[in-house]
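Per-entry structural report
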Amino acid sequence: MTMAFSSLTPVFVAIICVLIGIIVKGRKTNSKNEPRKTSKKAESRPWVDDDLKDSTDLHPEEEDDGEWQESEDIAHTPFSLERYSEEDMIKRSKNFYELLNKRRSVRFISDEPVPREVIDNVIKTAGTSPSGAHTEPWTFVVVKDIEIKHKIREIIEEEEEINYKKRMGDRWVNDLKRLRTNWIKEYLDTAPYLILIFKQVHGMLPDGKKKTHYYNEISVSIACGILLAALQNVGLVTVTTTPLNCGPRLRVLLGRPTNEKLLMLLPVGYPSKDATVPDLTRKPLDDIMVVV
Ligand SMILES: Cc1cc2nc3c(=O)[nH]c(=O)nc-3n(C[C@H](O)[C@H](O)[C@H](O)COP(=O)(O)O)c2cc1C
C-alpha cells in the first residue's frame, strides 16, 4: 500500500505542477486584456482632463512616485473693483462683444514685424487667467527665430500630411474641406511670432518635489481664450491650431521638460493683404443661451 502510494507521488506532483502552470498563465493572459490598474490614490484624480494624449504622457503611478510639496498658508487682503453705471455696463459689454465678434481665424499672416512689447503684454494678460488652486500651469513659448520657425513648420507639415491622409479619417477631412485647410502651413514661416502654449501636467520645484496642477488643461485653455481676446484687442490675428501628433517633437525641439505638453500653437501677426476667411456665421443668442 505504502509502496503503491510512494510510486504515485511523482506523478501526483507533476499533475499539480502542470495545473499551477495553467492557472498562472491564464492569469497573465487575463491581466494583459484588462485595462491598466492604477492605485486607489491615482484613481481619484478628478482634476485630470481627458486631453490630447501624446507619447510622453506620464502614467498616474509615475506622477505619484515623487515627493509632493506641502501647501503654504497665504494672507487675504481687501478687494474692490471699479463700478460702472448700468448704462456704461451695457455700452462696454456691447463694445467688447463687437470687438470680439470681428475675431476670425486667419491662415494668411504677413511677415510685417510686430513690436515685442505687445507680445509681452498679451502674454502677461493671458497669465491673469484663473487656474485650478492658483497653480498657473502654463508655459508660453514665443518663437521669433526664423530657423526655429522653419523647423516647426517642417515637423508640423510632415505630421499633418500623415494626419490628413491616414489618421483623421474621411469624415474629419471632409468637414475641413469647406474651411480649405490642408497640411501646407505657410503662416508658420511668415508670422513674426509663433506662440506655443504648453500645459504643465504637474509643477516641478527646484528641490525636485512635484506640485499637483489641478484641472491643468481647463486652466490653460482659459488662458488661451484670454490670449485670443488680447490679440484681437491690439489688431493682430492668429489661428487656433492643435497640431495632432506633433507635441512630443515640438517639445523636444524647444527644449521643454516632459511635464509640459503642447496644447495649442498660435501664429501671430497682421493679416496679409490678400487674406481671406471662410464666410461663416455664428449661432444666435437664442441657440446658445438657456435662461431658467
Ligand atoms: C480647439 C480648436 C482647434 C482648432 N484647430 C485648428 C487647426 O488645427 N487648424 C486650423 O486651421 N484651424 C483650427 N481651429 C480653428 C477653427 O477651424 C475655427 O475656429 C473655426 O472654423 C471658426 O472660425 P473662426 O475662428 O474664424 O470663428 C481650431 C479651433 C479650435 C477652437
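Please refer to the structure higher up on the page.
Summary of the structure given here. Within any chain, residue numbers begin from 1 and follow the written order of that chain's sequence. Residues qualify for local features only when their pLDDT is at least 70, as the model is predicted, and side-chain atom pairs are given and counted only at 80 or more; totals for whole chains, interfaces and linings, by contrast, use all residues. Computation of side-chain values covers all heavy atoms of the structure but excludes hydrogens and water.

Glancing now at the overall build of the protein chain. Only DSSP runs of H or I reaching four residues or more are called helices, and only runs of E reaching two or more are called strands; each is numbered from the N terminus. For the protein chain, the count of helices and strands is 11 helices and 5 strands. Think of it in three bands: residues with accessible area under 20% of the maximum for their type are buried, residues over 50% are exposed, and the middle band is partly exposed, with areas taken using a 1.4 Å probe on protein chains only. Within the span of the protein chain, comprising 292 residues, buried residues form 33% of the whole. Carbon and sulfur atoms provide 57% of the accessible area of the protein chain, an area that totals close to 20,400 Å². With residues, only the protein chains shown are counted as cover, and all accessible areas are computed by Shrake-Rupley using a 1.4 Å probe.

Moving on, we get to the sheet that holds strand β2 (residues 193-200). Pairing between two strands requires that DSSP report at least two bridges joining them. Pairing is antiparallel across the open sheet formed by 3 strands, whose spatial order is β1-β2-β5. Here the strands that pair on one side only, and so sit at the sheet edges, are β1 (138-143) and β5 (260-268). Adjacent strand axes in the sheet meet at a mean angle of 20 degrees, parallel and antiparallel pairs treated alike. Judged from the 6 bridges that link them, β1 and β2 form a sheet pairing that is antiparallel. Residue pairing for β2: threonine 139 is matched across the bridge by phenylalanine 198. Residue contacts are defined here by distance: any two heavy atoms, one from each residue, within 4.5 Å place the two residues in contact. Structural elements are reduced to axes, namely lines fitted to C-alpha atoms, with helices fitted over the stretch in contact, and the angle between N-to-C directions of any two is expressed from 0 to 180 degrees. Against the sheet, helix α5 (residues 116-126) contacts β1, β2 and β5, and its axis sits at roughly 165 degrees relative to β1.

The next subject is the pattern of salt bridges. A side chain of one charge can pair with a side chain of the opposite charge when the charged atoms of the two come close. Counted as salt bridges are all cases of a side-chain nitrogen of Lys or Arg within 4 Å of a carboxyl oxygen of Asp or Glu. Counted by the stated rule, this structure contains 11 salt bridges. Residues arginine 153 and aspartate 189 are paired through a salt bridge, measuring 2.7 Å at the closest nitrogen-oxygen approach. With a gap of 36 residues between them, arginine 153 in helix α6 (residues 146-167) and aspartate 189 in helix α8 (residues 187-190) connect regions that are remote in the sequence. You can call arginine 153 buried: its relative accessible area is 14%. Assessed through its relative accessible area of 27%, aspartate 189 is described here as partly exposed. A salt bridge links glutamate 159 to arginine 249, with the shortest nitrogen-to-oxygen separation between them at 3.0 Å. Here glutamate 159, found in helix α6, pairs with arginine 249, found in helix α10 (residues 247-253); they are 90 residues apart in sequence, far enough to count as distant. Salt bridges sharing partners connect three or more residues here, namely Glu158, Glu159, Arg167 and Arg249.

Peptide bonds are mostly trans, and most non-glycine residues show a negative phi. Even without being glycine, histidine 134 reaches a positive phi, approximately 50 degrees. Residue position: histidine 134 is located in the loop between α5 and β1. One non-glycine residue, tyrosine 215, lies in the positive phi region at around 45 degrees. Its place among the elements puts tyrosine 215 in the loop between β4 (210-212) and α9 (216-233).

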